[in-house]
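What the coordinates show
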Amino acid sequence: MSKQKKLVVLTGAGMSVESGLATFRGAGGLWGEHRVEDVATPEAWYRDAKLVLDFYNYRRKELLSVKPNAGHIALAELEKDFNVQIITQNVDDLHERAGSTQVLHLHGELMKVRSTGPGEQVYDLTENNYETHLGDKCPYGYQLRPHIVWFGEAVPEMENAISLVEQADIFLIIGTSMQVYPAAGLIHYVKKDVPIYLIDPNEVGVHGRGIHVIKKGAGEGMKEFSKLVRQG
Ligand code: OAD
């Protein structure tokens, strides 16, 4: 049996738009009167931890009310034919719920919390117990915080992501404006001669060598990509 090709996929907020979740930079990238960038920072946490916790409680509630879309499902189905490795900037769990088994979360996960103590232990939240409040502590007595990489924080999974991109036989980008670093820099680690595809209904400012652009939303775009890539 021939070895499956490694399809490495970088996804962003656009992947989840057709599920009903807003992007960051499009219209609707606001929470009440707050810019997301103003609540997703260490400074916001020190200034007003309750506001930050409320923001993530709200986002989890929203996440629990939506489902994976056709794009998530098509990506999961490609595991039959390819070794699919997803690197997502999204903190939702829609790839996993669609059935994808290899998902690396670059910017953290909404359904997890982390101790602010030295051990930084990570704990799972559940559908029935998804809120965190001031005073909710880890077993060692430290306040719990969202398990999210905030603006200005290091991206601990970056090394792992780079190594995956370097191993890609095919690289696919879906629904990201490629404006946030270091994630946007991952494209520079794709080996020469490896085909790069991009699915996005809008113009995305990625330049460089030939990129096969599929100018569609995630669902329709994935339909087209799956057909193309299965033809080999
Ligand atoms: P952006 O909001 O910057 O970009 C979303 C992209 O999705 C845009 O290029 C849109 O054109 C595209 N899009 C819109 N509708 C779509 C659809 N139906 N199907 C496919 N694509 C669609 O979001 P990201 O690039 O993911 O970071 O943002 C990157 C990071 O910035 C986020 O992970 C977050 C944010 O601030 C942190 O929270 C650390």
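Conventions used here
Residues numbered from 1 in each chain as written. Predicted model: local features only at pLDDT ≥ 70, side-chain atom pairs only at ≥ 80, totals over all residues. Heavy atoms only, no water. Near = heavy atom within 4 Å. Polar contact = N/O pair within 3.5 Å; in protein donor to acceptor, adjacent residues only side chain to side chain. Areas by Shrake-Rupley, 256 points an atom, 1.4 Å probe, with all protein chains shown as cover. Nonpolar A, V, L, I, M, F, W, Y, C, P; charged D, E, K, R; others polar. Buried < 20%, exposed > 50% of the residue type's maximum accessible area, 1.4 Å probe, protein only. Helix = DSSP H or I, 4+ residues; strand = E, 2+ residues; numbered from the N terminus. Pairing = 2+ DSSP bridges. Lys, Arg positive; Asp, Glu negative; His and termini not counted. Salt bridge = Lys/Arg side-chain N within 4 Å of Asp/Glu carboxyl O. Contact = heavy atoms within 4.5 Å.

1. Details of the site of the ligand
Within the structure, the ligand sits among 21 residues, and Phe-151, Thr-176, Ser-177, Asp-200 and Asn-202 are positioned closest to it. One of the backbone nitrogen or oxygen atoms of Gly-14 is found 3.2 Å away from a nitrogen atom of the ligand. Between the ligand and Gly-175, the relevant distance is 3.3 Å, taken from an oxygen atom to a main-chain nitrogen or oxygen of the residue. Coverage of the ligand by the protein chains reaches 91% of its 800 Å² of free accessible surface. Residues of the shell around the ligand, tallied by class, amount to eight nonpolar, 10 polar and three charged.

2. What about the pairing of strand β9 (residues 170–174)?
In terms of burial, β9 is a largely internal element, five of the five residues being buried. Alternating residues of β9 divide into Ile-170, Leu-172 and Ile-174 and Phe-171 and Ile-173, and every residue in both groups is buried. The sheet contact formed by strand β1 (residues 6–11) and β9 spans five bridges and is parallel. Each residue of the ladder has a partner; that of Val-8, found in β9, is Phe-171. Here four bridges tie β9 to strand β10 (residues 196–199), and the two strands are oriented parallel to one another. Residue pairing across strands places Phe-171 opposite Ile-196, the latter belonging to β10.

3. Side note on the side chain of Asp-200
Within the element layout of this structure, Asp-200 appears in the loop between β10 and β11 (211–214). Of the side chains with opposite charge, Lys-215 lies nearest to the buried Asp-200, which makes no salt bridge, at 8.3 Å. At 3.0 Å, the side chain of Asp-200 and the backbone nitrogen of Asn-202 are in polar contact. Setting aside anything within four residues of it in sequence, one finds Asp-200 in contact with Gly-175, Thr-176, Ile-214, Lys-215 and Lys-216.

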